[in-house]
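Fold and contact review
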Amino acid sequence: QVQLVESGGGLVQAGGSLRLSCAVSGIYFRFTTMDWHRQAPGKQRELVASITPGGRTNYGDSVKGRFTISRDNAKNTVYLPMNTLQPEDTAVYYCRGSNNYWGQGTQVTVSS
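One structure accompanies this document, and this report is about it. (Residues numbered from 1 in each chain as written. Predicted model: local features only at pLDDT ≥ 70, side-chain atom pairs only at ≥ 80, totals over all residues. Heavy atoms only, no water.)

So, the overall build of the protein chain
Rules: Labels follow the DSSP assignment, with helices taken as runs of H or I lasting at least four residues and strands as runs of E lasting at least two, numbered in each case from the N terminus. With the radius of gyration taken over C-alpha atoms, the globule rule is written as 2.2 Å times the number of residues to the power 0.38. Accessible area is worked out with a 1.4 Å probe on protein chains only. A residue is then buried under 20% of its type maximum, exposed over 50%, and partly exposed in between. We call two residues contacting when some pair of their heavy atoms lies within 4.5 Å. With residues, only the protein chains shown are counted as cover, and all accessible areas are computed by Shrake-Rupley using a 1.4 Å probe. Charge assignment in this entry is limited to Lys and Arg as positive and Asp and Glu as negative, and neither His nor the chain termini are counted. Taken as the charge centre is NZ of Lys, CZ of Arg, CG of Asp or CD of Glu, depending on the residue.
A count of helical and extended segments in the protein chain gives zero helices and eleven strands. The order of α-helices and β-strands along the protein chain, N terminus first, is β-β-β-β-β-β-β-β-β-β-β. Relative to the compact-globule value of 13 Å for 112 residues, the protein chain shows a C-alpha radius of gyration of 13 Å, a close match. With the principal axes as the frame, the protein chain shows a C-alpha extent of 40 × 25 × 25 Å. Buried positions account for 42% of the 112 residues belonging to the protein chain. The long-range fraction of contacts in the protein chain, counting pairs at least 24 apart against all pairs at least 6 apart in sequence, stands at 52%. When the accessible surface of the protein chain is totalled, it reaches about 6,200 Å², and 45% of it is carbon and sulfur. Looking at the protein chain, you have 11 positive and 7 negative side-chain charges, and the mean spots of the two groups are 6 Å apart.

Some words on the state of the cysteines
Selection criterion: Note on terminology: pairs of cysteine sulfur atoms within 2.5 Å are recorded as disulfides.
In this structure the tally under the stated criterion is one disulfide. Between Cys-22 and Cys-95 runs a disulfide, and the two sulfur atoms are separated by 2.1 Å. Here the disulfide of Cys-22 and Cys-95 is left-handed, its torsion about the S-S bond being about -85°. One end of the pair, Cys-22, is in strand 3 (residues 18–25); the other, Cys-95, is in strand 9 (residues 91–97), and 73 residues separate them in sequence.

Description of unusual backbone geometry
The residue Asn-76 is not glycine, and still its phi comes out positive at about 50°. Looking at the secondary structure, you find Asn-76 in the loop between strand 7 (70–72) and strand 8 (77–82). Asn-76 gets classed as partly exposed once you look at its relative accessible area, which sits at 26%.

Set out below in structure tokens:
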């Protein structure tokens, strides 16, 4: 009964912002490093950001300074506020727990 449910995706103009959320159940969220990944059509899935249970973060080079990952352990939720979005950020964004549980994904589309 593991569930990771992403929300917050949508269509935004270049330069705009979105905040993704991932609600997690069925795993020991407090003990789990959480990741955001993204995949555009025809491209490999890439790591966007990760956060450890203690709050240490890591980012892919392409999103450093623009995206932020955070977590609320009391709510079993991980967030990804995304600023200064660009068309190349267009992808399906997936939430993942370090035990290899994946969400279904949420589409982010950035228009010019």
